[in-house]
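Each chain is listed here by its residues.
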Amino acid sequence: MKILIVENEIYLAQSIASKLMEIGHLCEIATSIKDALKDEKYDAVLLSTNISGQNFYPVIEKHRSSIIILMISYISNDTVTNPIKAGACDYIQKPFMIEELIRKLQHLSDFKNLKKENETYKEYVKNLFSSANLEPLDKKTKFPILIKTNFQKHADALVFNYVQSQNETFTFISLTQTNALEKIARAGSEELLYIIDLQNLKKSEKLKVYNILEGKRAIICSTDPNEESDFSKIEINTDSKILDQGDILCIDDYVKYVICNFQNKFPDTELSKKLGISRKSLWEKRKKYGINKKK
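Structure report, in brief. (Residues numbered from 1 in each chain as written. Predicted model: local features only at pLDDT ≥ 70, side-chain atom pairs only at ≥ 80, totals over all residues. Heavy atoms only, no water.)

Here we take up the sheet that holds strand 7 (residues 171-174). Judged by pairing direction, the sheet is parallel, and its 5 strands sit side by side in the order 7-8-9-6-10 without closing on themselves. Strands with a single pairing partner mark the edges of an open sheet, and in this sheet they are strand 7 and strand 10 (232-236). On average, each strand axis in the sheet is tilted by 20 degrees relative to the strand beside it, whichever way the strands run. Pairing geometry for strand 6 (residues 145-149) and strand 9 (residues 217-222), over 4 bridges, is parallel. (Pairing = 2+ DSSP bridges. Helix = DSSP H or I, 4+ residues; strand = E, 2+ residues; numbered from the N terminus. Axes fitted to C-alpha atoms, helices over the stretch in contact; angles between N-to-C directions.)

Bringing helix 8 (residues 203-213) into the picture now. When helix 8 is considered as a whole, its buried residues turn out to be K206, V209, Y210 and L213. Buried residues along helix 8 cover an arc of 100 degrees about the axis, so they all sit on one side. Residues of helix 8 that are exposed and point more than 90 degrees away from the buried face comprise K208 and N211. Looking at the packing, one finds that the buried side of helix 8 touches helix 7 (180-186), strand 8 (192-196) and strand 9. (Buried < 20%, exposed > 50% of the residue type's maximum accessible area, 1.4 Å probe, protein only. Arc of directions from axis to C-beta. Contact = heavy atoms within 4.5 Å.)

For the structure shown, the criterion picks out 14 salt bridges. With a closest N to O distance of 3.0 Å, R103 and E100 form a salt bridge. Here E100 and R103 lie together in helix 5 (residues 98-128), a separation of 3 residues that amounts to about one turn. Salt-bridge contacts for R286 lead to D268; the nearest nitrogen and oxygen are separated by 2.9 Å. On the criterion of sequence distance, the pair formed by R286 in helix 11 (residues 279-289) and D268 in helix 10 (residues 268-275) is long-range, its members being 18 residues apart. (Salt bridge = Lys/Arg side-chain N within 4 Å of Asp/Glu carboxyl O.)

This part is about the sheet that holds strand 5 (residues 90-93). Sheet architecture is open: 5 strands sit in the order 2-1-3-4-5, paired in parallel fashion. The strands lining the two open edges of the sheet, one partner per strand, are strand 2 (26-30) and strand 5. Averaged over all pairs of adjacent strands, the angle between their axes in this sheet comes to 20 degrees, without regard to strand direction. Each of strand 1 (2-6), strand 2, strand 3 (44-48) and strand 4 (67-72) touches helix 1 (residues 10-22); the most contacted strand, strand 2, lies at about 170 degrees to it.

Let us now look at the packing of aromatic side chains. Applying the stated criterion across every chain yields a total of 7 aromatic pairs. Considering the side-chain rings of F129 and F160, the 5.4 Å spacing of their centres and the 50 degrees angle between planes classify their relative orientation as tilted. Linking F129 in the loop between helix 5 and strand 6 with F160 in helix 6 (residues 152-166), this pair joins segments that are 31 residues apart in sequence. Among the residues examined, F129 registers a relative accessible area of 8% and is labelled buried. For the ring pair F160 and F170, a centre distance of 5.3 Å and an interplane angle of 90 degrees mean the geometry is edge-to-face. (Phe/Tyr/Trp six-rings, centres within 6.5 Å; stacked < 30°, edge-to-face > 60°.)

Bringing the packing of helix 9 (residues 251-262) against helix 11 into the picture now. Where helix 9 meets helix 11, the closest approach of the two axes is 11 Å, and the angle between their N-to-C directions is 100 degrees. Looking at the two axes, helix 9 sits roughly perpendicular to helix 11. On the side of helix 9, the interface is formed by D252, V255, K256 and I259, while helix 11 contributes L282, K285, R286, K288 and Y289. (Parallel < 35°, antiparallel > 145°, perpendicular 65-115°, else oblique.)

The following block contains the structure:
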C-alpha cells in the first residue's frame with residue numbers, strides 16, 4: 001500500500017514509516033497540513049489530529065477516497081466523532097502497538113475491496129436480470145416456496161429482486177453440492193435460503209429435502225414442469241428459454257428465440273443473414289410464430 005503519514009512529531013512518523021516499510025508498504029511523511037494536500041493518490045492516510053493550530057479537515061476531504069485512520073491522543077467529539085462523520089474510517093489512540101495499526105490497515109483494506117466487489121456484482125446482476133419483466137414475489141406468500149420454471153434465469157431474477165426490495169441477504173445452495181443437505185439443516189430459522197437444481201434429485205432425495213425445509217425461510221427452484229410439493233407454488237414460464245439447463249433447442253424454438261430477442265437490435269437484412277435465411281423467410285417465420293415487430 002502507498003501510505004501518507006501526517007504527523008508533526010517527526011520521530012514518531014519515521015518510526016511508523018520504518019516499521020510499515022519493513023512489511024512492504026511504501027510510506028511518505030507530511031509534517032504539516034499543507035504538505036499533506038499535494039496532488040497525489042494514496043491507498044491510506046494516517047492522520048494525526050493534534051497538529052497544533054492546523055485544521056486537518058481539508059486532508060480528510062482531499063483524500064476521502066483513501067483509507068483514513070486518525071492517530072489521536074484522547075477520545076472526544078473533536079478528535080474522533082466529527083472527523084469520522086466527515087469521512088475518516090477509523091482511529092487509533094497513541095501510544096499504540098504497530099501490530100494494531102497494521103491490523104486496522106489490513107481490515108479496512110479488505111473491507112474496501114469487498115465493498116467495491118459487492119457493488120460490482122450488484123451492478124452485474126442488475127444488468128443480467130434487466131430483461132426479466134416479472135411480477136414481484138408476494139411478501140405475504142408463506143415460506144417455503146417452490147418456483148417451477150422453464151427458465152432458471154427468471155427464477156434467479158425473482159429472488160434477487162425480492163431480497164433487494166427487502167434489503168436482506170440470502171444463502172445460495174445448489175442441490176448438486178455434496179453437502180447441500182447439511183447446509184440447509186444448519187441454516188437458522190430467520191436465514192433466507194435460495195435452493196436450485198431440485199429437478200436433478202430422485203423422488204426419495206426430494207422427500208428428504210422437503211422434510212428438512214419444513215419451517216425454514218426457503219425458496220426452492222425446479223425446472224421440472226411436473227414437480228409436486230405441499231409448499232406454496234409459483235410458476236414462471238417463458239417462450240424465451242435457450243440452452244439454460246444444457247438442453248438443445250429444436251430449430252424452430254431457436255429461430256423463434258432469436259427473432260423475439262434480437263429483432264430490435266438488428267435490421268431484418270442482418271438478422272436474416274445471421275439466421276441463414278432470406279428476408280422473406282424471416283417475415284414468414286414472424287407470421288408463423290405470431291411475432292409482431294416492435295416499432
